[in-house]
Amino acid sequence: MAHGAHRTPLLPPHPDLALARDCEQCLGWGTVVTRDGHHELCHTCQPGPAEGAAGTPCP
């Protein structure tokens, strides 16, 4: 039996597609799906909060 995706109140992350264009880890999507079915930014091509990712404040 097929099951649909679980509803979540969290919005999916918004990756920078220009950075993800040639990434082999996420295949250009900028996000990866965890074992739990959650979308996360690709750790290979997307900057983390320390590097100044979009939507996160930099000190």
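Located above this text is the structure these notes cover.
First, a word on scope: everything that follows refers to the structure included in this document.

What counts and what doesn't
- Residues numbered from 1 in each chain as written.
- Predicted model: local features only at pLDDT ≥ 70, side-chain atom pairs only at ≥ 80, totals over all residues.
- Heavy atoms only, no water.
- Helix = DSSP H or I, 4+ residues; strand = E, 2+ residues; numbered from the N terminus.
- Buried < 20%, exposed > 50% of the residue type's maximum accessible area, 1.4 Å probe, protein only.
- Contact = heavy atoms within 4.5 Å.

Attention shifts here to the overall build of the chain. Within the chain one finds 1 helix and 2 strands. Counting from the amino terminus, the chain carries its helices and strands in the arrangement α-β-β. Residues classed as buried in the chain amount to 15% of the 59 residues present. When contacts within the chain are restricted to residue pairs at least 6 apart in sequence, those whose partners lie at least 24 apart make up 23%.

This part takes up the side chain of Thr31. Summarising the element assignment, Thr31 is placed in strand E1 (residues 31–33). Beyond its immediate stretch of four places on either side in the chain, Thr31 contacts Pro13, Pro15, Cys26, His39, Glu40, Leu41 and Cys42.

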